[in-house]
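Examination of the molecular architecture
The lines below spell out each chain.
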Amino acid sequence: MDNPIIKLDGAGKGFKLRGNKRILSGLINPDWQYKKAVSNVSFSVNTGESVAFLGPNGAGKTTTTKMMTGLIYPSEGEIDVLGYEPFARDRNFLKNIGLVMGNKAGLNWDLNARQSFELLQKIYQIPLPDFESRVSEMTKLLEVEKVLNTQVRKLSLGERMKLELIGAILHDPKILFLDEPTIGLDIASKKSVRQFLRHLNDKKTIVLTSHDMDDIVEVCKRVVVIVEGTIIYDDSMANLNQSYSHTRYAKLEFADSLPTKKYLMQYGDVVSTDANSISLGADKSKIMNAIGKISKDYPLADITIERVPLELIIQDLFEGKK
Amino acid sequence: MRWLGILLASLKFRIQTELAYIGNFWLELVSTFFFVLTYIVFIDILFRRVGEVAAYDKNDFLFMSLVGQLTFYTVSRILAPPMGRLVATVRTGEFDLTLLKPAPTRLLLYSSSWRPLYMLYTSVPNIAIYVWLIEWQGLVMTWSSLAMGAVVWLCGVVIFSTFMFMLAYPVFTQGDATDLVGMWWSTMSMTEFPYDKLPSAIKALSLSVLPGLLMTAGSTQVILNKSDTNHLLLGASIVGAIFALIVYSFFWSRAMLNYSSASS
């Protein structure tokens, strides 16, 4: 049964920009221009869902996330999160949401993470036994218990991000908004953060924005795609993959010369090319036959066949191909 | 009580931060200490020659300098840093992290900008010199004039806070206000003189454009009973402070509506 915890109805945000950039005449006649960052966005998220919010740079993902968290005022439409209007920033609303921004540091660099957590404990009024058990549990899960008392500026980026994540959910919010939570992390740290997020999703609703498709695949079950401020896709991850389930990509590495694009187009779509290889996209029932014919004309050194990667599916959506 | 708890926790946090790199303030302490000594020597030489200036003798002047020091430290350590922080964090979008906390935003903004130890270490020695030099018995001061002067001074604090915020406000509309916020320094440079002897029009104008003047010369005038218009100044200060609170509140709401949360 649907139990929406987040509802956006025609939400939009525009910014006023000064058209006249000249120093003196700009003061007298600023020539204000209105630029829409997000327009008429409507969707809802149910309790316990994990939603990926995707789009190219400047699509309006972060603006929408910021409207949902009450950081910026929506200039049109209505937003309801946990029964509150986010921009009113009611204390109970703020106590029940958490926001992790990969590019913004919530921990004080001159102190250790524990000292920052202790301030959060006072601000969020977390009962001391709960605070201690959460810190202990989460630092153990993310394997950062040993650096809890180390000055933040001396930590690696991965350790710092894990501790930022703990700081954002120390108050046990019902909804967790994540904006590029694994940006700049190494593979091991990314893996650990994703595992932790999956663990959290058992108890919390997650809205994730990321350009790293592995974050999306491993954490989210639903995908919302926004392009130029408008939602163009909203469905489950399974359905998104299903729409490309009949397509396979073959990476063909040639022993000698490469065929022309025109030659390859008779067998499928040329997805990418480099010095000695070409990626060809085709229906899975035809791809083996196509490779057989191509190899007769152009000897192959190696072949790799794979399902369509999510980033290419998403790229197709961005470009309006699907 | 809840807000007091958050304030105390935030101040404790700031002290912990200061203790992480203690010692930054020593040069400033030495610098301000020598400024105070030089100023005191100047006052001594001046009043040896002229006896009094505009009905203020050396002792009155030292008292005005004490109020001036209290005002300077209040503005420079309590009122100006939050606005500097506001401008810096709004520009980078780090202000998001303050807005997301379930506590009054301005309480967090102010308390997270203060440096309690720095405030004490740099102000107390200089203020103590004045307290020691003033002949307290020689001041024409009563308990009621002291109370009235304190109210004028507090109204000045409220008005100066609004003035500081209005300097910072363009960061929400234009994207920067760093230089504007730095202006507080120049408005504080003309606060220690017997302004009550100025012509009325200039007096009103100077009080309007230099809010620091009300805190220093204005409150000194009232405390030392230097003018017949003390009650008028008190009334005007209260009205000014109420108006300043309304202006602050109105423009704060507008600032929040205009906040665009930069993605740094």
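Below you will find a few notes about this structure. (Residues numbered from 1 in each chain as written. Chains lettered and ligands numbered in written order. Predicted model: local features only at pLDDT ≥ 70, side-chain atom pairs only at ≥ 80, totals over all residues. Heavy atoms only, no water.)

**Details of the overall build of chain A**
A count of helical and extended segments in chain A gives twelve helices and 13 strands. Dimensions of chain A, computed from C-alpha atoms along their principal axes, come out at roughly 70 × 60 × 50 Å. Counting only residues that meet the buried cut, chain A has 52% of its 322 residues in that class. Long-range pairs, those at least 24 residues apart, make up 69% of the contacts in chain A between residues at least 6 apart in sequence. The positive charge centre, built from 43 side chains, and the negative charge centre, built from 41, are 3 Å apart in chain A. (Helix = DSSP H or I, 4+ residues; strand = E, 2+ residues; numbered from the N terminus. Buried < 20%, exposed > 50% of the residue type's maximum accessible area, 1.4 Å probe, protein only. Contact = heavy atoms within 4.5 Å. Lys, Arg positive; Asp, Glu negative; His and termini not counted. Charge placed at Lys NZ, Arg CZ, Asp CG, Glu CD.)

**A look at the pairing of strand 10 (residues 247-254) of chain A**
All names here are of chain A. Inspection of the sheet shows strand 10 paired to strand 12 (residues 277-283) by seven bridges, in the antiparallel sense. Bridging from a neighbouring strand, Arg 248 pairs with Ala 282 of strand 12. Bridging between strand 10 and strand 13 (residues 300-307) involves seven bridges; their strand directions are antiparallel. Paired with Phe 254 across the strands is Leu 300, a residue of strand 13. (Pairing = 2+ DSSP bridges.)

**Side note on the pairing of strand 8 (residues 222-227) of chain A**
Residues and elements named next belong to chain A. Across the six residues of strand 8, six count as buried, placing the element largely inside the fold. The side-chain alternation of strand 8 yields two buried faces, one formed by Arg 222, Val 224 and Ile 226 and the other by Val 223, Val 225 and Val 227. Examined bridge by bridge, strand 3 (residues 50-54) and strand 8 share four bridges and lie parallel to one another. Paired with Ala 52 across the bridge in strand 8 is Val 223. Judged from the six bridges that link them, strand 8 and strand 9 (residues 230-236) form a sheet pairing that is antiparallel.

**Description of the packing of helix 4 (residues 113-123) of chain A against helix 5 (residues 128-141) of chain A**
Residue and element names in this part refer to chain A. Closest axis-to-axis distance for the helix 4/helix 5 pair is 11 Å, and the angle between their directions is 145°. Seen from above, helix 4 lies across helix 5 with right-handed handedness. Residue-level contacts link Arg 114, Phe 117, Glu 118 and Gln 121 of helix 4 to Leu 128, Phe 131, Glu 132 and Val 135 of helix 5. Residue composition of the contact of helix 4 with helix 5, by class: four nonpolar, one polar and three charged. (Axes fitted to C-alpha atoms, helices over the stretch in contact; angles between N-to-C directions. Left-handed = near helix turned anticlockwise from the far one by under 90°. Nonpolar A, V, L, I, M, F, W, Y, C, P; charged D, E, K, R; others polar.)

**Quick look at the interface of chain B and chain A**
Contacts between the two partners involve 30 residues from chain B and, on the opposite side, 35 residues from chain A. Between chain B and chain A, the buried area comes to about 2,800 Å², and carbon and sulfur atoms account for 63% of it. When the buried surface of chain B facing chain A is broken down by residue, Phe 13, Leu 100 and Pro 102 of chain B rank first, second and third, together holding 23% of it. One can count one salt bridge joining chain B with chain A. Of the charged contacts in the structure, one is a salt bridge between Lys 104 of chain A and Asp 96 of chain B, with a shortest N-O distance of 2.9 Å. (Buried area = accessible area lost by both parts, 1.4 Å probe. Salt bridge = Lys/Arg side-chain N within 4 Å of Asp/Glu carboxyl O.)

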